[in-house]
Amino acid sequence: MAFPGSSLRIQGDDNLSSMLVGTVMRKIKSRTWKKQRYFKLQEDCMTIWYKSKKAGKPHSTFSVSDLEGVREGHQSEVLLSIADEFPPDRCFTLVFRGRRGNLDLVAESADEAQSWVRGMRKLMENLENMGERERLDQWIGDWFKKADKNKDGRMNFKETQDLLKMMNVDMNEHHTHSLFTMADKSQTGTLDDDEFVLFYKMLTQRDDVMRVFQDFSGDGQKLSKADLEDFLREEQLETEDVRQHAELLIELYEPSDAAKQLNAMTFDGFLMYLGSAEGSIQDPRWRGLFQDLGQPLCHYFISSSHNTYLMEDQLRGHSSVEGYIRALTRGCRCVEVDCWDGANGEPIVYHGHTFTSKILFKDVVQAVGKYAFKASEYPVILSIENHCSIEQQKVMAQHLNHILGGALLRSTLEGKGLTGLPSPEELKGKILLKAKKIGGLEQSPGGLAEDPLTGEVSDEDEAAEINDDNSHRDTFRRKTKKSKQRLSKELSDCVVYCKSVQFSGFKHSRTHQRFCEVSSFTESKARKHLRDAGAEFVHHNSRQLTRVYPSGFRTDSSNFNPQEMWNAGCQIVALNFQTAGEGMDLNDGLFRQNGGCGYILKPDFMRQPDRGFDPEAPQNRDSYQPLVLHIQVISGQQLPKVNIKEGSIVDPLVRVEIHGVPLDQNKQETRYIENNGFNPVWYDGLRFTVHTPELALVRFVVEDYDKTSKNDFVGQYTLPFLCVQQGYRHIHLLSRDGTRIPPASLFVHIRITELG
């Protein structure tokens, strides 16, 4: 095969050479499940193959592109559980993208482990550095291997027909045979790899892009530099350094050296540019850090997780430190720790009064200490729900101080005084505790030292909220009353800027609530405040931090729509990160910008207490200027097959959703295209009026239409309205898990105008 591994240089790399030969390692699932498996890197340098040593057992494979990272040593719960049996230098963990479980491995020697760790990292690095053309070659190579059933390096006509079904193409036999014959240059009745590339190119001819190309090409064959500049100005609406940008695009994406010498771009180069990050719908300028991070914490939306320790549902789900690692490495900046008394004086973390498994508090703190700042250097908030006795609260404080050391914020920032919340910039590299506290900031270390050994604070926990919100649902009713909880001074002293307090109304808050006090609401209570006093809620959140969490009745760990809480300026909107779906799509969409740092600056009209913004009446705000979003959904490319039934082909439709203030909530759909997931063409126009663009998110969803039952999800992409690039753009679709599914994409044309 010419294409699959051609870009991955393995010559002279001893680690990759060793992986190609293969090795026996132990796959570990638990302290008692440790099985030997034979692992081998395939010739394509993209696929890992592994199999039981026992004859007759099926083999398994995974792609290097499925991996997010490699951890060395005892860096997972499973490997920690067998730490006394296998030394860390023989252990490593392969971490998959999305919500797929880790693969924990133990090599026969430290050298073998190192060989696989270094080799896997090299393969991942190579993949990261692949150009668009190499990625496409890789993808074509994967299809060739799938279609070449008899593994002779050639593909006959029957294999070609089977391939088209796998690729979501419903094509009549005559047309398929015609393409096959044209590609069969050797006239052998089969296609070799080069002929297959030709067949693929004929199959994927982009007439939609060719129309655009020829509209701007002076001779129909190429875009001169002047042609490309016209396209960038007139269609992509670029205004700055257009000449320089045209030159750069030719340099980056034009594959033909002859065209480069003419300072021109061929159709292939044009297609490569439109399929790149620069040609995508999300403006690359807003992907990196670009916002002011020097304002008070309450001026930001903060990426936040609920029941972070859970990997599944909240009745019988598995608790794991892996939940914290995954959330933090996704840029989450506020995680929840639900603490209860455990055996041997060690506090534990789990979902109280349920059958969820339990983990040690100290293991959670260690994971937070290790992974807090891998994805972002901006502060992490530990939201503590404390059900522990005084004795075990003291143990919690010891673990926090000992394990986190200087990263734990123990006192107010020097020179900050007691006037307002510090900024994410000032708190870089710091971990803050959100929990109950005896007294106020003045009682923090360095303040007055007249505290009793223990204090009493009002009890507030999520279980108690269930009664308040749903007193009529007896099955879940618990006899909880607002009681007094005793608090240890040691744990109280760890709380500085995020003191948990009960909310007593907006009027009370205006006159009595300190800037360092945080209130928490269930989703239903937050909705009620939003309905009854939306502008008051926004005003409150311009001064105070607010946390909103899912109802206790969401026993399946489902999520509410976070947008309605962001509309009120709520900063800590806590979601179940372990549950895929619309809620997490919106969360990922909002926090994908600004370098994925987990902090997004709220619009100025939500930061100024005197602006009086009401999400229910956005037209009443100063500088109100609604915009119109025009979207032409042109085509789709290589949409994944979702129905595994033999011969089933996707009937795709595209739904575009606007999530924002109530007036902006809207969705529209294209028609569905029958039996074509490979290259469906729509040219359908959609139009949306957006009254508060600063808060709006745009979600593109592709579904497989089914007239008899609910449509199947195919892929989606969500981004902030203000990050949308105008012109001809590709949307690179994500799976339900939020991971890329290359090369699946949509091709659209975008225009944004002022509402006249």
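Numbers given to residues run from 1 along each chain, matching the order in which its sequence is written. Only residues with pLDDT of at least 70 get local features here, since the model is predicted, and only at 80 or more are side-chain atom pairs given and counted; chain-wide, interface and lining totals rely on the full set of residues. The side-chain values count all of the structure's non-hydrogen atoms but skip hydrogen atoms and water molecules.

1. Description of the overall build of the chain
1) Next: Going along the chain from the N terminus, every DSSP run of H or I of four or more residues is numbered as a helix, and every run of E of two or more is numbered as a strand. Looking only at helices and strands, one finds 22 helices and 32 strands in the chain.
2) Next: Whereas a compact globule of 756 residues would reach a radius of gyration of roughly 27 Å, the chain reaches 28 Å, a difference of no more than 12%.
3) Next: Dimensions of the chain, computed from the C-alpha atoms along their principal axes, are close to 90 × 70 × 55 Å.
4) Next: Here the term buried applies to any residue with accessible area under 20% of the maximum for its type, exposed to any over 50%, and partly exposed to those in between, with areas from a 1.4 Å probe on protein chains only. Within the chain, buried positions represent 56% of all 756 residues.
5) Next: Note on areas: Shrake-Rupley, 1.4 Å probe, and residue coverage restricted to the protein chains presented here. For the chain, the exposed area adds up to about 32,300 Å²; of that, 48% sits on carbon and sulfur atoms.
6) Next: Distance between charge centroids for the chain: 5 Å, based on 95 positive and 108 negative side chains. Only the C-alpha atoms count toward the radius of gyration. The rule for a globule is 2.2 Å times the residue count to the power 0.38. Positive residues here are Lys and Arg, negative ones are Asp and Glu, while His and the chain termini are left out of the count. To locate a charge, take NZ of a lysine, CZ of an arginine, CG of an aspartate or CD of a glutamate.

2. Topic: the pattern of salt bridges
1) Next: In what follows, salt bridge is the name for a side-chain nitrogen of Lys or Arg lying within 4 Å of a carboxyl oxygen of Asp or Glu. Taken as a whole, this structure holds 37 salt bridges when the rule is applied.
2) Next: The partner of Asp532 in a salt bridge is Lys528, with the nearest N and O atoms 2.8 Å apart. Remark: Lys528 and Asp532 occur in helix α19 (residues 523-541); sequence separation between them is four residues, near one turn of the helix.
3) Next: Where Asp585 meets Arg699, a salt bridge forms, and the shortest distance between an N and an O atom there is 2.8 Å. With a gap of 114 residues between them, Asp585 in helix α21 (residues 582-591) and Arg699 in strand β29 (residues 697-704) connect regions that are remote in the sequence.
4) Next: Owing to a relative accessible area of 5%, Asp585 belongs among the buried residues under this scheme.
5) Next: Judged by relative accessible area, Arg699 falls into the buried class, the value being 6%.
6) Next: Among the ionic contacts, a cluster of salt bridges with common partners joins Glu582, Asp585, Arg655, Glu657, Glu669, Arg699 and Glu703.

3. Let's talk about the packing of helix α6 (residues 173-183) against helix α7 (residues 193-203)
1) Next: Throughout, an axis means a line fitted to C-alpha atoms (over the contacting stretch in the case of helices), and angles, computed between N-to-C directions, take values from 0 to 180 degrees. The geometry of α6 relative to α7 is characterised by a closest axis approach of 9 Å and an angle of 135° between their N-to-C directions. One finds that α6 runs oblique with respect to α7. Relative to α7, the crossing made by α6 is right-handed. Between α6 and α7, the contacting residues are Thr176, Leu179, Phe180, Met182 and Ala183 on the first element and Glu195, Leu198, Phe199, Met202 and Leu203 on the second.
2) Next: Looking at the contact of α6 with α7, its residues break down into eight nonpolar, one polar and one charged. When an angle is under 35 degrees it counts as roughly parallel; over 145 it counts as roughly antiparallel; between 65 and 115 it counts as roughly perpendicular; any other value is oblique. Helix crossings get a hand from a simple test, with the near helix turned counterclockwise from the far one by less than a right angle marking a left-handed crossing and a clockwise turn marking a right-handed one. Contact between two residues is taken to exist if any of their heavy atoms lie within 4.5 Å; hydrogens are not considered. We call Asp, Glu, Lys and Arg charged. Ala, Val, Leu, Ile, Met, Phe, Trp, Tyr, Cys and Pro are nonpolar, and the rest, Gly among them, are polar.

4. Some remarks on the packing of aromatic side chains
1) Next: Any two rings among Phe, Tyr and Trp, with Trp reduced to its six-membered ring, count as a pair given centres within 6.5 Å; such a pair is stacked if its planes are under 30 degrees apart, edge-to-face if over 60, and tilted if neither. Tallied over the full model, the rule gives 25 aromatic pairs.
2) Next: Here the aromatic rings of Phe301 and Trp566 are separated by 6.3 Å at their centres, their planes lie at 55°, and the arrangement is tilted. Of this pair, Phe301 sits in strand β12 (residues 300-305) while Trp566 sits in helix α20 (residues 563-566), and the two are 265 residues apart along the sequence. Here Phe301 and Trp566 have matching classes, each one buried.
3) Next: In textbook terms, an aromatic cluster arises when at least three aromatic residues are bridged by ring pairs, as seen for Phe213, Phe216, Phe231, Phe267, Phe270, Tyr728 and Phe747.
4) Next: Above the plane of the ring of Trp33 lies Lys29, whose end atom (NZ or CZ) is 4.7 Å from the centre. We call a charge positioned above a ring when the Lys NZ or Arg CZ atom is no farther than 6 Å from the ring centre and deviates by at most 35 degrees from the ring normal.

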